[in-house]
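Each chain is listed here by its residues.
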Amino acid sequence: MAKKHYVVWKGEKTGVFDNWGTVQRLTAGRSDAQFMGFPSKEEAEGAFKSSYTKALMNRSKNKSGSAISSGTKASGNKSTSASPVIKADIQIYCDGACSPNPGKSGTGLAVYQHNKLTQLWYGLYNANGTNNTAELNGMLAAFKLAKQYLLTHESVQVLSDSKYSIDSITKWAVGWKNKGWKKANGEAIKNPELVQACFSLYQEIKDKVTVTHVKGHANNEGNELSDRMAVYARIHKEVGLVRFTETLDIKTILAMESG
């Protein structure tokens, strides 16, 4: 079996590498990191001559490849730099879109099983939403899906480009709850119902769920697809959360309007 190779387009050092540990060290802590795994040295060298964006598009056409992007992993109340795609059985990307802000908002989800896209979801339209409520709706929907998947799978990873949503649930909610859902200065928190619903569900499943931050609009396929679904929900004014039933042609979906 050929040894796997990795390309780093953006990192402390760029090039083709045959050691995953090296790639982790070169990309750790960088929100702009771009890297991807390939089954052979020849494919990796060919990809390095091109761009990360083109490699991502090629991967969308040929799912035999294995792509890994960059991000920040949050587990429990601690955050450490890591690749957003970990060895979880299921990955659920969630995103929100709002235009203007505040204004018409929608939410989208992209579900991967062992790094292969299996489902897209869109909806939760709100004529008077905000970016933050759309993102929290995405987090809540992702947790609900995660709870269902955990009935038959060992682990789930939820990925979002909203630091506000992640920190609200994994860092700040404990203190807010102890203060009667108020901030340290005594002011009431924003979006209390959504925050409380997310936190309650997160407490149930957090032992088997990893919550990860990914940089938005950085050519991360799952994040980009959930973004397209969020915009699709806003445009079509879909109030419920429904499954996208058209063919999962990634190239076509990525060409849809983005947020």
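For the structure itself, consult the block above.
Computed from a predicted structure; not experimentally measured.

Explain unusual backbone geometry here, please?
Of all residues except glycine, most have a negative phi; of all peptide bonds, most are trans. Put simply, Ser 99 and Pro 100 share a cis peptide bond, and its omega is -10 degrees. Note that Pro 100 resides in the loop between β6 (90-99) and β7 (103-113). Here the amide bond leading from Asn 101 into Pro 102 is cis, since omega sits at 0 degrees, within 30 degrees of zero. Within the secondary structure layout, Pro 102 lies in the loop between β6 and β7. We note that His 114 has phi near 55 degrees; this positive angle belongs to a residue other than glycine. Relative to the helices and strands, His 114 is located in the loop between β7 and β8 (116-129). You will see that Leu 124, though not glycine, has its phi angle at about 60 degrees, which is positive.

Whenever I open this one, the environment of Leu 56 confuses me. Can you help?
For Leu 56, the position within the fold is in helix α3 (residues 52-61). We classify Leu 56 as buried; its relative accessible area is 6%. Note: C-alpha distance between Leu 56 and Phe 35 (21 residues apart in sequence) is 10.0 Å.

I would appreciate a short explanation of the packing of aromatic side chains in the present structure.
Remark: the centre distance and the inter-plane angle together describe each pair of aromatic rings, the angle taken between the planes. If you walk through the whole model with that rule in mind, you get ten aromatic pairs. Measuring from centroid to centroid gives 5.7 Å for Trp 172 and Trp 176, while their planes differ by 50 degrees, and the two rings are tilted. Residue Trp 172 and its partner Trp 176 are located together in helix α5 (residues 163-178), separated by four residues, close to a single helical turn. Classification of Trp 176 by relative accessible area gives buried; the value is 13%. Of the aromatic side chains, those joined through ring pairs into one cluster are Tyr 6, Trp 20 and Phe 35.

What's the story with α5 in this structure? I'm lost.
Every α-helix winds through 3.6 residues per turn, so residues three or four apart in the chain are directed the same way. In this model α5 runs 22 Å from its N-terminal to its C-terminal C-alpha over 16 residues, within 8% of the 22 Å that 1.5 Å per residue would give. At Trp 172, α5 shows its largest kink, close to 65 degrees. Turning to α5, its buried residues number three or more, namely Ser 165, Ile 166, Asp 167, Ser 168, Ile 169, Thr 170, Ala 173 and Trp 176. Just past α5, the residue Gly 180 takes up positive phi, approximately 75 degrees.

How do you make sense of the pattern of salt bridges when you look at a structure like this?
Once their charged atoms are close, side chains differing in charge can pair, the charge on each being opposite to the other. Taken as a whole and judged by the stated rule, the model has six salt bridges. Put simply, Lys 171 and Asp 167 hold a salt bridge, and the shortest N to O gap is 3.7 Å. Linking Lys 171 with Asp 167, this pair stays in helix α5, spanning four residues, or about one helical turn. Relative accessible area serves as the criterion here: at 8%, Asp 167 is assigned to the buried category. For Arg 234, the salt bridge goes to Glu 257, with nearest N and O atoms at 3.8 Å. Within this pair, whereas Arg 234 is found in helix α7 (residues 221-236), its partner Glu 257 is found in the segment after α8 (250-254), the two being separated by 23 residues in sequence. Judged by its relative accessible area of 15%, Arg 234 is buried. One continuous salt-bridge network, built from bridges that share partners, spans Lys 163, Asp 167 and Lys 171.

Would you mind showing me how to read helix α1 (residues 20-27) here?
All buried positions along α1 are accounted for by Val 23, Leu 26 and Thr 27. For α1, the angular spread of buried residues about the axis comes to 85 degrees, placing them on one side. Looking at the buried positions of α1, the neighbouring elements they touch are β1 (5-10), β2 (15-17) and β3 (34-38). Of the residues flanking the start of α1, the one acting as N-cap is Asn 19, its side-chain oxygen 2.9 Å from the backbone nitrogen of Thr 22.

Looking at this structure, how should I read the packing of helix α4 (residues 131-149) against α5?
Two measures define how a pair of helices packs: the angle their axes make with one another and the distance between the axes. As a packed pair, α4 and α5 sit with axes 9 Å apart at the nearest point and diverge in direction by 55 degrees. When the axis of α4 is compared with that of α5, the two are oblique. Crossing geometry of α4 relative to α5 is assigned as right-handed. Contacts between α4 and α5 involve Asn 132, Glu 135, Leu 136, Met 139 and Phe 143 on the former and, on the latter, Tyr 164, Ser 165, Ile 166 and Ile 169. For the contact of α4 with α5, a count of residues per class yields six nonpolar, two polar and one charged.

Basis of the calculations
Residues numbered from 1 in each chain as written. Predicted model: local features only at pLDDT ≥ 70, side-chain atom pairs only at ≥ 80, totals over all residues. Heavy atoms only, no water. Helix = DSSP H or I, 4+ residues; strand = E, 2+ residues; numbered from the N terminus. Buried < 20%, exposed > 50% of the residue type's maximum accessible area, 1.4 Å probe, protein only. Phe/Tyr/Trp six-rings, centres within 6.5 Å; stacked < 30°, edge-to-face > 60°. Expected span 1.5 Å × (residues − 1). Bend = angle between axes of the 7 residues up to and from the residue. Salt bridge = Lys/Arg side-chain N within 4 Å of Asp/Glu carboxyl O. Arc of directions from axis to C-beta. Contact = heavy atoms within 4.5 Å. Polar contact = N/O pair within 3.5 Å; in protein donor to acceptor, adjacent residues only side chain to side chain. Axes fitted to C-alpha atoms, helices over the stretch in contact; angles between N-to-C directions. Parallel < 35°, antiparallel > 145°, perpendicular 65-115°, else oblique. Left-handed = near helix turned anticlockwise from the far one by under 90°. Nonpolar A, V, L, I, M, F, W, Y, C, P; charged D, E, K, R; others polar.

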